[in-house]
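Structural features, examined
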Amino acid sequence: MKIGLFFGSFNPIHVGHLIIANAMACNTDLEQVWLVVSPQNPFKKNKSLLHEFDRLDMVRMAIDDNPRLRVIDDEFRLPRPSYTIDTLTYLQEKYPQHLFRLIIGEDNLMQFPNWKNYERILEYYGLYVYPRPDAEKSPLATHENVRFIDAPLLDVSATFIRNGIREGKSIKYLVPERVEEMILRKKFYL
Ligand code: ATP
């Protein structure tokens, strides 16, 4: 299978993530998209970052009924901080039958040459890029292994949602209903 990997901290997962993941899984030649939940980075202590198991649970609930989406927790067991190339290499060894592609936002393309072993990522895996507002045009845009996929721009971030919760605002429709219920029930981000 050809599979797109969408990395994130998903703190929490929101409609912005889900719309991209679904567009990639349904409107391209990718058969599935796997959401790869990042563990805590020991060098970046962040109080508002929920425990990785709680973030994983929320992703699970969010994609529960979608056969084209799957959540992956393998980075929890890899050395930290986890570099994308190391996770890609690990997953390719674990699933030799699959072809992996990396999904990134256009805003990340400009910085992409600073990523560890970016040339190897480009050559072996290739990028599926979704539009982001105000993204600079990158020289990599014309690379043969970089594909642009049309998807709606949605101005929602996990930070916006966490701040809203802290301010007592509603997060209805910004996250799936079951995720909202879990956040409220477990009093996350208060
Ligand atoms: P935070 O606000 O905590 O930084 P985030 O909403 O950006 O979180 P991440 O888990 O860091 O969420 O996101 C994973 C990936 O999804 C990142 O590459 C991020 O740029 C991208 N992303 C986040 N929000 C959106 C959105 N609304 N539309 C498209 N991509 C998004």
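Rules behind the numbers
- Residues numbered from 1 in each chain as written.
- Predicted model: local features only at pLDDT ≥ 70, side-chain atom pairs only at ≥ 80, totals over all residues.
- Heavy atoms only, no water.
- Helix = DSSP H or I, 4+ residues; strand = E, 2+ residues; numbered from the N terminus.
- Polar contact = N/O pair within 3.5 Å; in protein donor to acceptor, adjacent residues only side chain to side chain.
- Contact = heavy atoms within 4.5 Å.
- Pairing = 2+ DSSP bridges.
- Axes fitted to C-alpha atoms, helices over the stretch in contact; angles between N-to-C directions.
- Buried < 20%, exposed > 50% of the residue type's maximum accessible area, 1.4 Å probe, protein only.
- Arc of directions from axis to C-beta.
- Salt bridge = Lys/Arg side-chain N within 4 Å of Asp/Glu carboxyl O.
- Near = heavy atom within 4 Å.
- Nonpolar A, V, L, I, M, F, W, Y, C, P; charged D, E, K, R; others polar.
- Core = buried A, V, L, I, M, F, W, Y, C linked by side-chain atoms within 4.5 Å.

Turning to unusual backbone geometry, a few remarks are in order. Cis geometry is adopted by the peptide bond preceding P12, which originates at N11 and carries an omega value of 5°. With respect to the element layout, P12 can be found in the loop between β1 (2-8) and α1 (15-26). Geometrically, the link from R80 to P81 is a cis peptide bond, its omega value of -5° lying close to zero. The residue P81 is located in the loop between β3 (69-72) and α3 (84-94) in this model. Within the chain, N117 stands out as a residue other than glycine whose phi angle is a positive 50°.

Another aspect to go through is the side chain of S138. Looking at the secondary structure, you find S138 in the loop between β5 (127-130) and β6 (146-148). A polar contact of 2.9 Å, which involves the side chain of S138, links it to the backbone nitrogen of L140. If we ignore the near neighbours within four places in the chain, the residues touching S138 are L109 and M110.

Right, let's talk about the sheet that holds β5 for a bit. As summarised here, the arrangement of the 6 strands in space is β3-β2-β1-β4-β5-β6, forming an open sheet in which the pairing is parallel. Of all strands in the sheet, those bounded by a partner on one side alone are β3 and β6. Across the sheet, the axes of successive neighbouring strands diverge by a mean angle of 30°, strand direction being ignored. Of the strand pairs in this sheet, β5 and β6 are connected by 3 bridges, and their pairing is parallel. Across the sheet, L127 pairs through a bridge with V146, a residue of β6. Sitting on the sheet, α1 touches β1, β2 (32-37), β3, β4 (99-105) and β5, and the angle it makes with β5 is about 130°.

All of the buried residues along helix α5 (residues 118-125) are I121, L122 and Y125. For α5, the angular spread of buried residues about the axis comes to 110°, placing them on one side. Exposed and facing more than 90 degrees away from the buried side of α5 are E119 and E123. Where α5 is buried, its residues touch α3, β4, β5 and β6.

As a further point, take the pattern of salt bridges. Applying the stated criterion across every chain yields a total of 11 salt bridges. The residue K2 makes a salt bridge to D29 at a minimum N-O spacing of 2.6 Å. Here K2 is found in strand β1, whereas its partner D29 is found in the loop between α1 and β2, with 27 residues between them in sequence. In this structure K2 comes out as buried when scored by relative accessible area, which is 18%.

Around the ligand, the structure places 18 residues, and the nearest of them are F10, L154, V156, A158 and T159. Here a nitrogen atom of the ligand sits 3.1 Å away from a polar atom, N or O, in the side chain of Y130. In the model, an oxygen atom of the ligand is placed 3.0 Å from a nitrogen or oxygen of the R162 side chain. Sorting the residues of the shell around the ligand by element identifies β1, α1 and α6 (158-166) as the ones contributing at least two each. Taken together, the residues of the shell around the ligand break down into 8 nonpolar, 8 polar and 2 charged.

Here we come to the nonpolar core. Taken as a class, soluble globular proteins show a tendency for nonpolar side chains to be buried jointly. Core analysis: the largest hydrophobic core is formed by 38 residues, its most contacted members being F6, I13, M24, V33, M58 and I103. Elements represented by at least two residues in this core include exactly α1, β2, α2 (52-63), β3, β5, α6 and α7 (177-185). The greatest single-element share of this core, amounting to 6 residues, is contributed by α1. Listed in part, the 21 residues of the second largest apolar core include I3, W34, F100 and V146.

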